[in-house]
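# Secondary and tertiary structure notes
What follows is the residue order along each chain.
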Amino acid sequence: MTFSTDDFDFVAEHARDAMLLQTIADTLEWDERTGMPIDGGDYRANQVSTLRGMVHRRRTDAKYGETLQSLSENLGDEDPAGDVAATVRGLLRNWKRDHRLPEELVQRTSRATVKGQQRWDAARRADDFKMFRDTLAEIIDLKREAGQRIAEGTDRSPYEALLDEYEPDARVEPLNQVFQDLRKPLVELIDSIREAPRQPNRSLLERDFAIAGQRDLSRFVAERVGFDFQAGRLDETSHPFCTTLGPRDCRILTRYDLNWLPAGLLGTLHEAGHGMYEQGMRSDWFGLPPGSYCSLGIHESQSRLWENQVGRSRPFWKWLFDRTQKTFAPTLDDVSLDDFHFAINQIQPSLIRVEADEATYNLHIIIRFDLEQQLIGGTLSVDDLPAAWDARYQSDLGVCAPSPANGVLQDVHWSAGLIGYFPTYTLGNLASAQLFDAAQAELGGFDDMFARGEFEPLLSWLRSRIHERGQCESGDALISRATGKSLSADALIGYLNGKLRPLYGLEA
Ligand code: ZN
């Protein structure tokens, strides 16, 4: 048999069809998380689960699967990193995964997670883990069952099968290794910072920053770094995220805190980084692997790069500080650029992951990575989770939440069924540092460019190396090709030491 163009067109059309339905469900979920009245929840759960069921039926269709299988066997001399091979490989991979999950399980999971997010939200507001306990237990059971079904007959654990959905081909052991490589020098750095001769003045960022000003400044920054408002919007929500509803429609969401400037501003830069990745993909391949994100780790590398390597750099603030002072005048009139920049780079173990600094952040992730493996593996019960959570925060970060809202209830992920998702955040941090180093080496230094508010060269570099490549290669291959070496902890450690030691008056 030879490669059939008709068959290729059939599977491509079929996949685009499924994406059409999926983006309708995504639009309903965007609405649910931005402005839907609370009483609309039950009916919305039915709407979304009906659509997800339709998507699942399309994606598990037998003829579609057989055609993909036969295309995959007849790829011949197609370039493995080309669009055609990537399409067949990616769609077949998804088909195999979906095929192993019965529709009834998919629908039950969808209903449980829509309800889960509502219960989580209510429980967090009431600061009461018991209100969330039953729904979480149900979600863990459903995800464990899914993991078992997907892993059946392979050498993967159920947890690895779940992880694979977000980080294709990732295995727990190498992940543990790179996290360990990161952990030791990170803890050393955090310890010496604790004892450092100089300390920043955090309270500069806790003054009153009028929300209207934060909105203006955030939108200005998102636009200047390159988020395209013709093909995207910026809105507000309680738990920021980014979602793509069509080839030219990317939604980013942020939240503003009157007394914590970085939440809104750097949070917006973070989501704009996600959004620019989505906007940088080739829209003629929308709904197919060449026009889809590579992995969540790669996705997060894009958001982190703009939030941290750019947004916490001195040249960036050399550019933006004047405008920031004017926006909030007279709030920052007595503050120098140096003091502001130092404050925005404060390193201090804290309770909340999304507010954590770029060094301690990774310790938050390692805790979640360990706990969710235990939940899926059945060695930790949902009833014991709050105590296990608090114990790890005490031993790893030296802090303990006074109540669950700031502890085990702080993240939406588990309530949404996102298990195996957390480690991708740290993978993203590692990749962002490595990509930024490579881009800087190639483009000859960003200091002057950033100080002029010029970000286009960096964005173009990311577009051609990462965004336009979609899923044509694995995350590891993309990083290796773009940076000349495989992913390791070296660049992130080098970056953090290089920036933080001088700020804190520590020896290099
Ligand atoms: Zn992110």
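Coordinates for the structure precede this section.
## Quick word on the overall build of the protein
The secondary structure content of the protein amounts to 20 helices and 3 strands. Taking 2.2 N^0.38 as the reference for a compact globule, 508 residues should give roughly 23 Å; the C-alpha atoms of the protein span a radius of gyration of 23 Å, in line with that estimate. Taken over the C-alpha atoms alone, the protein extends approximately 70 × 50 × 45 Å along its principal axes. For the protein, the residues scored as buried account for 56% of the 508 residues in total. Partitioning the contacts of the protein with sequence separation of at least 6, the portion at a separation of at least 24 is 73%.

## Points about the coordination of the zinc ion
The zinc ion binds to the protein through His 270 (NE2), His 274 (NE2) and Glu 300 (OE); the donor distances cover 2.1 to 2.3 Å. Each donor residue of the zinc ion belongs to the same chain, and together they define the spacing H-x3-H-x25-E. With a gap of 4 residues between them, His 270 and His 274 both fall in helix H10 (residues 261-280), about one helical turn apart.

## Side note on the environment of Met 54
Within the secondary structure layout, Met 54 lies in helix H2 (residues 41-59). When the C-alpha positions of Met 54 and Ile 211 are compared, they lie 41 Å apart, and in sequence the two are 157 residues distant.

## Quick word on the pattern of salt bridges
Counted under the stated rule, the structure contains 44 salt bridges. Between Arg 248 and Asp 228 there is a salt bridge; the shortest N-O distance is 3.6 Å. Of the two residues, Arg 248 is situated in the loop between strand S2 (242-246) and strand S3 (249-254) and Asp 228 in the loop between helix H9 (211-225) and strand S1 (232-236); the sequence distance between them amounts to 20 residues. Given a relative accessible area of 27%, Asp 228 falls into the partly exposed group. Residues joined by salt bridges that share partners form a network here, namely Arg 93, Arg 97, Arg 156, Asp 164, Glu 165 and Asp 169.

## Overview of the environment of Gly 505
Within the fold, Gly 505 resides in the segment after helix H20 (490-503). Measuring from C-alpha to C-alpha, the distance between Gly 505 and Val 335 comes to 20 Å, with 170 residues separating the pair along the chain. With residues up to four places along the chain from it excluded, the contact list for Gly 505 reads Pro 197 and Arg 198.

## Digging into the packing of aromatic side chains
Scanning the entire structure with this criterion turns up 26 aromatic pairs. When the ring of Phe 220 is compared with that of Trp 319, the centres are 5.8 Å apart and the planes differ by 25 degrees; the resulting orientation is stacked. Linking Phe 220 in helix H9 with Trp 319 in helix H12 (residues 314-327), this pair joins segments that are 99 residues apart in sequence. In terms of burial, Phe 220 and Trp 319 fall into one category: buried. When the centroid spacing of 6.3 Å and the interplanar angle of 80 degrees are considered together, the rings of Tyr 361 and Tyr 425 count as edge-to-face. On the criterion of sequence distance, the pair formed by Tyr 361 in helix H14 (residues 361-377) and Tyr 425 in helix H16 (residues 423-443) is long-range, its members being 64 residues apart. Pair check on accessibility: Tyr 361 and Tyr 425 agree, each one buried.

## Observations concerning helix H1 (residues 5-34)
Its 30 residues place the ends of H1 42 Å apart at the C-alpha level, agreeing with the 44 Å of an ideal helix rising 1.5 Å per residue. Backbone nitrogen of Asp 6 and a side-chain oxygen of the N-cap are separated by 3.4 Å at the start of H1; the cap is Ser 4.

## A short note on the sheet that holds S3
Strand order in this open sheet of 3 strands is S1-S3-S2, and the pairing throughout is mixed. The sheet terminates laterally at S1 and S2, the two strands that pair on one side only. Across this sheet, the average inter-strand angle for adjacent strands is 25 degrees, counted without regard to direction. Across 4 bridges, S2 lies against S3 in antiparallel orientation. Bridge pairing links Cys 242 to Ile 252 in S3. Sitting on the sheet, H1 touches S1, S2 and S3, and the angle it makes with S2 is about 135 degrees. Relative to the sheet, H10 contacts S1, S2 and S3, its axis offset from that of S3 by approximately 165 degrees.

## Re the side chain of Glu 307
The residue Glu 307 is located in helix H11 (residues 296-310) in this model. At a separation of 2.8 Å, a polar atom in the side chain of Glu 307 contacts the side chain of His 270. Aside from chain neighbours lying at most four places away, what touches Glu 307 is Leu 266, Leu 269, His 270 and Arg 312.

## Structural notes on the environment of Arg 463
Looking at the secondary structure, you find Arg 463 in helix H18 (residues 456-465). C-alpha of Arg 463 to C-alpha of Met 276: the two residues are 187 residues apart in sequence and 8.8 Å apart in space. With sequence-adjacent residues up to four places away left out, Arg 463 is seen in contact with Gly 226, Met 276, Gln 279, Gly 280 and Glu 468.

## A word on the nonpolar core
If you look at the biggest cluster of nonpolar residues, it comprises 65 residues, and the most contacted ones within it are Leu 385, Trp 414 and Tyr 504. Looking at this core, the elements with two or more residues in it are helix H5 (103-126), helix H6 (130-151), helix H7 (158-166), helix H8 (172-194), H14, helix H15 (385-397), H16 and H20. Ignoring anything within four residues of it in the chain, the contact list for Leu 385 reads Phe 129, Leu 136, Leu 371, Leu 375, Leu 380, Val 408 and Trp 414. Counting residues in each nonpolar core, the second largest holds 57 residues, with Trp 319, Val 335, Ala 438 and Leu 459 among its members.

## Section: the pairing of S2
Taking burial as the measure, the 5 residues of S2 include 4 buried ones, the bulk of the element. Linking S2 to S3, which pair antiparallel, is a turn of 2 residues.

## What about the packing of H9 against H10?
Where H9 contacts H10, the axes come no closer than 9 Å and their chain directions differ by 30 degrees. As the angle between them shows, H9 and H10 are arranged roughly parallel. Handedness of the crossing formed by H9 with H10: right-handed. The segment H9 lies against H10, with Gln 214, Leu 217, Ser 218, Val 221, Ala 222 and Val 225 engaging Leu 261, Gly 264, Leu 265, Thr 268, Leu 269, Ala 272 and Met 276. Split into classes, the residues belonging to the contact of H9 with H10 amount to 9 nonpolar, 4 polar and no charged.

The rules behind each value
- Residues numbered from 1 in each chain as written.
- Predicted model: local features only at pLDDT ≥ 70, side-chain atom pairs only at ≥ 80, totals over all residues.
- Heavy atoms only, no water.
- Helix = DSSP H or I, 4+ residues; strand = E, 2+ residues; numbered from the N terminus.
- Rg over C-alpha atoms; globule rule 2.2 N^0.38 Å.
- Buried < 20%, exposed > 50% of the residue type's maximum accessible area, 1.4 Å probe, protein only.
- Contact = heavy atoms within 4.5 Å.
- Donors = N, O, S within 2.8 Å, 3.2 Å for Na, K, Ca; no water.
- Salt bridge = Lys/Arg side-chain N within 4 Å of Asp/Glu carboxyl O.
- Phe/Tyr/Trp six-rings, centres within 6.5 Å; stacked < 30°, edge-to-face > 60°.
- Expected span 1.5 Å × (residues − 1).
- Polar contact = N/O pair within 3.5 Å; in protein donor to acceptor, adjacent residues only side chain to side chain.
- Pairing = 2+ DSSP bridges.
- Axes fitted to C-alpha atoms, helices over the stretch in contact; angles between N-to-C directions.
- Core = buried A, V, L, I, M, F, W, Y, C linked by side-chain atoms within 4.5 Å.
- Parallel < 35°, antiparallel > 145°, perpendicular 65-115°, else oblique.
- Left-handed = near helix turned anticlockwise from the far one by under 90°.
- Nonpolar A, V, L, I, M, F, W, Y, C, P; charged D, E, K, R; others polar.

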